[in-house]
Amino acid sequence: MKITKVDVFYVNDRSNPTIHPVLCRVYTDEGIYGDGEAAMSYGVGAYAAYGMVQDLANLVIGMDPLNNEEIWNKMYRTTFWGQNGGGVFSAGMSAIDIALWDIKGKYFNVPIYTLLGGKLNDNLRTYASQLQFGWRKTMGAIFTVDEYADAARRAVEEGYDAVKVDFFTFRDEPGTGGFSDKERTCMVSPKNLRLVEDRVKATREAVGPDVDIIMENHSFLDVNTAIQVASAVEKYGIFYFEEPNTPDSQTAKRLAEKISIPLASGERIYTRWQYAKFFQDNTLQIAQPDMGTCGGFTEVKKICDMAYVYDVAIQVHGCGSPISTAASLQMEAAIPNFIIHEHHQCNLGDFNIKLCKYDYQPEKGRFKVPDLPGLGQELSDFVLENRDSVELATVSGGTKMWAMNNTGEAE
């Protein structure tokens, strides 16, 4: 079986102009295809990821899609920029690798979790993620303490027994926007610290003592401010503190020594080489590799196994299309150190749901793992056929890409 072409899609949907999913479909000469995602749809970098998937696709045309290790190492080691590459590069590798595993599952007619060693977990415990956007189908900022309590209460009423909130994103009055970078670094003011604590307290009172609260900070804080914030709220029983500051093993070590709340990170840590120092220093208690940015199944499984050696739990990071959701579920089903699954608010919106064939949603805070062959998910006609909202690039081997062969010579 050989890879014959790769279609790469850049979604530019007017219904949500701030989100730009980057998706791909890898085709073979036996009629089997697989779907993948470079999960950089938010922030800055989606169009770069779109180009990166195309560049890497040129390298895999004609290769056997079942040889995922060979293909992964070719993308990583022969491209010059792959080794120790950043998020755009590893996201490009992720998209292709996820699609290859989808092909492999379909070829052997089994879900991917079977290929990863079998299902250890099902009915995955799931948390409602990013409640600062209101926990509704339409995302929007919330400001008042009562709104934070109401959003948490809605999630619990739906059956979730864990929620995640960035309590330090938006100010306390509608129309005032978000906090500035300066306000979230170099120590926080007493007023803003009190606002964060009031929101955490209101959330705890709304959900009661038996619901876990995850505190998110999107790396906006520096280490001193993170210590200050964590010290103020740890009495409310925080499950873990996610991305308190820029992912860095040295500052993480200082933070871990100063607070008692478990630390989580991984959305912006790429490949096993970047994770290794965190594990060796015991500065992460929960690792959060993203299937769509960390290198796909081939790499994330290695990270999960390495984390297990250090008693580090895994919560695969998830803020992508339903392709990323399916990939996360397949991985989490097969690892012994799974702790909880993330269900991001974007997964509630029609703008995201319509990208794929199936609408998988958790029930009462638990997620069933798809049992269809491969990912158990496929791109929808909206992506495959809609050229008004989706840009398409097809790679079929016509472009010669620079790469180093295994003798060290350019080919």
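Read on for a plain summary of the structure. Keep in mind that this is a model prediction, so the values were computed, not measured.

## Quick look at the overall build of the chain
Thinking step 1. Helix and strand counts for the chain come out as 13 helices and 13 strands.
Thinking step 2. By the compact-globule yardstick of 22 Å for 411 residues, the chain fits well, its C-alpha radius of gyration being 21 Å.
Thinking step 3. Counting only C-alpha atoms, the chain reaches 60 × 40 × 40 Å along its principal axes.
Thinking step 4. Counting the 411 residues in the chain, one finds 60% classified as buried.
Thinking step 5. Pairs at least 24 residues apart make up 71% of the contacts formed inside the chain by residues separated by at least 6 positions.
Thinking step 6. Looking at the chain as shown, the accessible area adds up to about 16,100 Å², and 50% of this sits on carbon and sulfur atoms.
Thinking step 7. When the 39 basic and 55 acidic side-chain charges of the chain are each reduced to a single mean position, those positions are 2 Å apart.

## A word on the layout of surface pockets
Thinking step 1. In this structure, the largest pocket encloses a volume near 910 Å³.
Thinking step 2. Forming the walls of the largest pocket are 39 residues, and the residues nearest its centre are Tyr-42, Gly-43, Glu-267, Cys-319 and His-344.
Thinking step 3. Elements represented by at least two residues in the lining of the largest pocket include exactly strand E11 (341-344) and helix H12 (350-353).
Thinking step 4. Tallied by class, residues from the lining of the largest pocket come to 14 nonpolar, 17 polar and eight charged.

## Structural notes on the pattern of salt bridges
Thinking step 1. Evaluated as defined, the whole model comprises 23 salt bridges.
Thinking step 2. In this structure, Lys-302 and Glu-69 form a salt bridge, with 2.7 Å as the shortest nitrogen-oxygen distance. Of this pair, Lys-302 sits in helix H10 (residues 296-309) while Glu-69 sits in helix H2 (residues 68-77); the two residues are 233 residues apart in sequence, bridging distant segments of the chain.
Thinking step 3. On the accessibility criterion, Glu-69 (38% relative accessible area) is partly exposed.
Thinking step 4. One salt-bridge network, held together by shared partners, links Arg-25, Asp-35, Asp-102, Lys-106 and Glu-378.

## Focus: unusual backbone geometry
Thinking step 1. The residue Cys-186 is not glycine, and still its phi comes out positive at about 55°.
Thinking step 2. Note that Cys-186 resides in the loop between strand E5 (162-165) and helix H6 (190-207).
Thinking step 3. Residue Ser-219 is not a glycine yet carries a positive backbone phi of 65°.
Thinking step 4. Checked against the element boundaries, Ser-219 lands in the loop between strand E6 (212-216) and helix H7 (223-233).

## What about the state of the cysteines?
Each disulfide is one covalent bond, formed between the sulfur atoms of two cysteines.
Thinking step 1. Evaluated as defined, the whole model comprises zero disulfides.
Thinking step 2. The cysteine Cys-294 is free of any disulfide, with Cys-304 supplying the nearest cysteine sulfur at 8.9 Å.
Thinking step 3. Looking at Cys-294, the relative accessible area reads 0%, which means it is buried.

## Some remarks on the side chain of Gln-315
Thinking step 1. Looking at the element boundaries, Gln-315 is found in the loop between strand E10 (313-314) and helix H11 (322-333).
Thinking step 2. In contact with Gln-315, other than residues within four places in its own chain, are Tyr-127, Tyr-240, Glu-242, Ile-286, Ala-287, Gln-288, Pro-289, Glu-332, Ile-339, Ile-340 and Glu-342.

## Re the sheet that holds strand E13 (residues 390-395)
Thinking step 1. In spatial order, the strands read E3-E2-E1-E13; together these four strands make up an open sheet with antiparallel pairing. With partners counted over all chains shown, the strands left at the sheet margins are strand E3 (33-38) and E13, one partner each. Between one strand and the next, the sheet's axes are offset by a mean angle of 20°, whatever the strand orientation.
Thinking step 2. Examined bridge by bridge, strand E2 (residues 22-28) and E3 share six bridges and lie antiparallel to one another.

## Focus on helix H9 (residues 271-280)
Thinking step 1. Burial in H9 covers these residues: Thr-271, Tyr-275, Ala-276, Phe-278 and Phe-279.
Thinking step 2. Positive phi appears at Asn-282, one or two residues downstream of H9, with a value of about 55°.

## Thoughts on the environment of Lys-119
Thinking step 1. Take Lys-119: it is sitting in the loop between helix H4 (112-115) and strand E4 (124-129).
Thinking step 2. Sequence separation of Lys-119 and Ala-232 is 113 residues, and the distance between their C-alpha atoms is 40 Å.
Thinking step 3. In this structure Lys-119 touches Tyr-113, Ala-333 and Asp-371, once residues within four positions along its chain are discounted.
Thinking step 4. Engagement of the side chain of Lys-119 in a polar contact is seen with the side chain of Asp-122, the distance being 3.0 Å.
Thinking step 5. One polar contact links Lys-119 to Asp-371, side chain to side chain, over a distance of 3.4 Å.

## Quick notes on the packing of aromatic side chains
Thinking step 1. Tallied over the entire structure, the rule returns 18 aromatic pairs.
Thinking step 2. A ring pair is formed by Tyr-27 and Tyr-33, whose centres lie 6.3 Å apart and whose planes are at 50°; its orientation type is tilted.
Thinking step 3. Residue Tyr-27 is classed as partly exposed on the basis of its relative accessible area, which comes to 21%.
Thinking step 4. Residue classification places Tyr-33 among the partly exposed positions, given a relative accessible area of 24%.
Thinking step 5. Taking 5.8 Å as the distance between ring centres and 40° as the angle between the ring planes, the aromatic pair formed by Trp-101 and Phe-297 counts as tilted.

What counts, and at which threshold
Residues numbered from 1 in each chain as written. Predicted model: local features only at pLDDT ≥ 70, side-chain atom pairs only at ≥ 80, totals over all residues. Heavy atoms only, no water. Helix = DSSP H or I, 4+ residues; strand = E, 2+ residues; numbered from the N terminus. Rg over C-alpha atoms; globule rule 2.2 N^0.38 Å. Buried < 20%, exposed > 50% of the residue type's maximum accessible area, 1.4 Å probe, protein only. Contact = heavy atoms within 4.5 Å. Areas by Shrake-Rupley, 256 points an atom, 1.4 Å probe, with all protein chains shown as cover. Lys, Arg positive; Asp, Glu negative; His and termini not counted. Charge placed at Lys NZ, Arg CZ, Asp CG, Glu CD. 1 Å grid on protein atoms, 1.4 Å probe; cavity = no way out; pocket = protein on both sides within 12 Å on 5 of 7 lines; lining within 4 Å. Points joined across faces, edges and corners; volume = space filled by probe spheres on them. Nonpolar A, V, L, I, M, F, W, Y, C, P; charged D, E, K, R; others polar. Salt bridge = Lys/Arg side-chain N within 4 Å of Asp/Glu carboxyl O. Disulfide = S-S within 2.5 Å. Pairing = 2+ DSSP bridges. Axes fitted to C-alpha atoms, helices over the stretch in contact; angles between N-to-C directions. Polar contact = N/O pair within 3.5 Å; in protein donor to acceptor, adjacent residues only side chain to side chain. Phe/Tyr/Trp six-rings, centres within 6.5 Å; stacked < 30°, edge-to-face > 60°.

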